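Overview (structure and organization)
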Amino acid sequence: MSKKIIATEHAPGAIGPYAQGIAIGNLVFTSGQLPIDMRTGELESADIALATRYALENVCAILVAAGLELSQVVKVTVFLTDLADFAAVNQAYAEFFAQDPPARSCVQVAALPKGARIEIEAVAAR
């Protein structure tokens, strides 16, 4: 089974030696996406709900580049620097996964790249 690199200019470029996404077999893995507004290139750090939306929009862009959509996501991991943001994140997250949501983990971490408050990665299946 060979892997295919997924790349798109509609999501933030990698800031290290990794791909935005990888397709292998019937699975697509996205790298963690920061809450970068692709219209401005700015990191959203003040409003956690808006940050959640931007991170998920970036995940969506990678999935679209792979020929998939959010309904095909089977697992999401959310990294937060403060679990006190959990309720606000859930509200924004529910806008993207209103029906048949995927499995999900949410963990608090000490820090995220660029000082972000949230990072989201996903696994989707064809």
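A quick note: this is a predicted structure, and the numbers were derived from the prediction, not measured.

**Considerations on the overall build of the chain**
- If you tally the helices and strands in the chain, you get 2 helices and 8 strands.
- Helices and strands appear in the chain in the N-to-C order β-β-β-β-β-α-β-α-β-β.
- Over its C-alpha trace the chain gives a radius of gyration of 14 Å, about what one expects of a compact globule, namely 14 Å for 126 residues.
- Counting only C-alpha atoms and orienting by the principal axes, one finds that the chain spans roughly 40 × 30 × 25 Å.
- Taken over 126 residues, the chain has a buried fraction of 43%.
- Of the contacts formed within the chain by residues at least 6 apart in sequence, a portion of 70% connects residues at least 24 apart.
- Counting only carbon and sulfur atoms, one obtains 54% of the accessible surface of the chain, whose full area is about 6500 Å².

**Considering the pairing of strand β2 (residues 21–24)**
- Going residue by residue along β2, you find G21 and A23 tucked away on one face and I22 and I24 left uncovered on the opposite face.
- Sheet topology places strand β1 (residues 3–6) next to β2; 4 bridges connect them, and they run antiparallel. Bridging from a neighbouring strand, I5 pairs with I22 of β2.
- Summarising the sheet, β2 and strand β3 (residues 27–30) pair through 4 bridges and their orientation is antiparallel.

**Notes on the sheet that holds strand β7 (residues 103–108)**
- Strand order in the open sheet formed by 6 strands is β1-β2-β3-β8-β6-β7, and the pairing between neighbours is mixed. Each end of this open sheet is capped by a strand with a single partner; those strands are β1 and β7. Taken over all neighbouring pairs, the strand axes of this sheet differ in orientation by 15° on average, direction set aside.
- Contacts from helix α1 (residues 48–65) reach β1, β2, β3, β6 (73–80) and β8 (118–125) within the one sheet, and its direction differs from that of β8 by about 30°.

**Describing the environment of E121**
- Turning to its location among the elements, E121 is positioned in strand β8.
- Non-local contacts of E121, meaning those with residues more than four positions away in its chain, are made with T30, S31, G32, K75, V76, T77 and F79.

**Side note on unusual backbone geometry**
- Unusually for a residue other than glycine, D100 sits at a positive phi of about 45°.
- By the element assignment, D100 lies in the loop between α2 (86–96) and β7.
- The phi torsion at K114 lies on the positive side, around 60°, for a residue other than glycine.
- Among the structural elements, K114 can be located in the loop between β7 and β8.
- The class for K114 is exposed, based on a relative accessible area of 54%.

What counts and what doesn't
Residues numbered from 1 in each chain as written. Predicted model: local features only at pLDDT ≥ 70, side-chain atom pairs only at ≥ 80, totals over all residues. Heavy atoms only, no water. Helix = DSSP H or I, 4+ residues; strand = E, 2+ residues; numbered from the N terminus. Rg over C-alpha atoms; globule rule 2.2 N^0.38 Å. Buried < 20%, exposed > 50% of the residue type's maximum accessible area, 1.4 Å probe, protein only. Contact = heavy atoms within 4.5 Å. Areas by Shrake-Rupley, 256 points an atom, 1.4 Å probe, with all protein chains shown as cover. Pairing = 2+ DSSP bridges. Axes fitted to C-alpha atoms, helices over the stretch in contact; angles between N-to-C directions.

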